[in-house]
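So the chains spell out like this:
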Amino acid sequence: MRLYGVVAVGGFRRFAAYRMATAAGMFTNVVFGFIIAATYIALWDQRPRLGGYGLDEALTYVWLGQALLTACAMMGGGFEGELIERIRSGDIAIDLYRPVDLQLFWLAGDLGRAAFQLLGRGIVPMGVGAFVFDLALPASPLTWAAFLAAIWLGLVVSFALRFLVALSAFWLLDGAGVMQLSALAGTFFSGMLLPLNVFPGVLGEIARALPWSSYLQIPADVLLGKHTGWGLAGAYAFQAGWAAVLLTAGRFLQATATRRVVVQGG
């Protein structure tokens, strides 16, 4: 396990090296935060308590979305492009023969990346939002701890989905199309555009049942105190269940791909 800890630290340091890119990303998140916040203010002025949120809760949701956007790679931009390129070039054969678990290796690196993005591009937008607007931030440390746990589970679900996307390149050779579809689905079904509680009828029920809701909707509701007691346990179980299913599916595809590489190599 020490090896994967080193990989995670390496993932953190790798992205920490790009300071100008981080600063530009923070600025972009803040600008879009103000744009989306203005839209939400106009919308909530016409529909107070839309989706069960007050205006302060809706604005908290906006800035939390900007804080988690890059960490959860809702629109892509994580490790998947690099892994797809290694599959396309054939370098993945070297990775598969190494005495490390491919899935755990990329998970550790992606969690390191996410940790940096959460600190580097998450805290400042959230702080700006809290300074300018009246946000519904909890006072209880337990709520913040529960929120961080929900974020961690969301990051694992995000990795598991993108790992499957990357492994599709074993059969499609070019995973660009799948990456684009995944980014679109992540943007829409995570609740990045609008809270999933706003989605009407069956569409809302389906959206909330999909794994992308683990990225933003569930952590936001935990922070806003919508999930407490057994409801919080149910939210965690939902995220952990999707993480287990998706990671298992990734293991199956990884094993299938490994056999394919061994057969072709032999």
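Residues numbered from 1 in each chain as written. Predicted model: local features only at pLDDT ≥ 70, side-chain atom pairs only at ≥ 80, totals over all residues. Heavy atoms only, no water.

Visitor: So what exactly am I meant to see when it comes to the overall build of the protein chain here?
Guide: Within the protein chain, the secondary structure is distributed over 13 helices and 0 strands. Overall, the protein chain shows an N-to-C arrangement of helices and strands of α-α-α-α-α-α-α-α-α-α-α-α-α. Radius of gyration (C-alpha) of the protein chain: 19 Å, near the 18 Å computed for a compact globule of 266 residues. Viewed in the frame of its principal axes, the protein chain has a C-alpha envelope of about 65 × 40 × 35 Å. (Helix = DSSP H or I, 4+ residues; strand = E, 2+ residues; numbered from the N terminus. Rg over C-alpha atoms; globule rule 2.2 N^0.38 Å.)

Visitor: Got a minute to help me understand helix H2 (residues 19-46) in this structure?
Guide: Every α-helix carries 3.6 residues per turn, so stepping three or four residues along brings you back to the same face. With 28 residues, H2 extends 41 Å between its outermost C-alpha atoms, agreeing within 8% with the 40 Å of an ideal straight helix rising 1.5 Å per residue. Of all the residues in H2, the buried ones are Thr22, Gly25, Asn29, Val30, Gly33, Ala37, Tyr40 and Trp44. Check the buried side of H2 and you find it contacts helix H1 (2-16), helix H3 (55-68), helix H6 (102-120) and helix H7 (123-132). (Expected span 1.5 Å × (residues − 1). Buried < 20%, exposed > 50% of the residue type's maximum accessible area, 1.4 Å probe, protein only. Contact = heavy atoms within 4.5 Å.)

Visitor: Teacher, can you tell me more about a nonpolar patch on the surface here?
Guide: A cluster of nonpolar side chains, Phe27, Val31, Phe32 and Ile35, forms an exposed patch at the surface whose accessible area comes to about 400 Å². The residue Phe32 is located in helix H2 in this model. (Patch = residues over 30% accessible without salt bridge, like charges linked within 9 Å, V, L, I, M, F, W, Y side chains within 5 Å. Areas by Shrake-Rupley, 256 points an atom, 1.4 Å probe, with all protein chains shown as cover. Salt bridge = Lys/Arg side-chain N within 4 Å of Asp/Glu carboxyl O.)

Visitor: Is there a simple way to explain the side chain of Ser168 in this structure?
Guide: When you line up the elements, Ser168 lands in the loop between helix H8 (141-167) and helix H9 (169-172). Engagement of the side chain of Ser168 in a polar contact is seen with the backbone oxygen of Val165, the distance being 2.5 Å. Not counting residues up to four positions away in its chain, the partners in contact with Ser168 are Leu173 and Val178. (Polar contact = N/O pair within 3.5 Å; in protein donor to acceptor, adjacent residues only side chain to side chain.)

Visitor: Help me out: how do you make sense of the pattern of salt bridges in this one?
Guide: Two side chains that carry opposite charge are able to pair once their charged atoms sit near each other. Counted according to the given criterion, the structure contains 9 salt bridges. One salt bridge in this structure joins Glu57 and Lys226, with 3.3 Å as the shortest N-O distance. In this pair, Glu57 sits in helix H3 while Lys226 sits in the loop between helix H12 (217-223) and helix H13 (230-265), placing the two residues 169 residues apart along the sequence. Notably, a salt bridge pairs Asp101 with Arg251, separated by 2.6 Å at the nearest N-O pair. Here Asp101, found in the loop between helix H5 (92-97) and H6, pairs with Arg251, found in helix H13; they are 150 residues apart in sequence, far enough to count as distant. Overall, Asp101 belongs to the buried group, its relative accessible area being 19%. Taken together, the shared-partner salt bridges connect Glu80, Asp110, Arg113 and Arg162 into one network.

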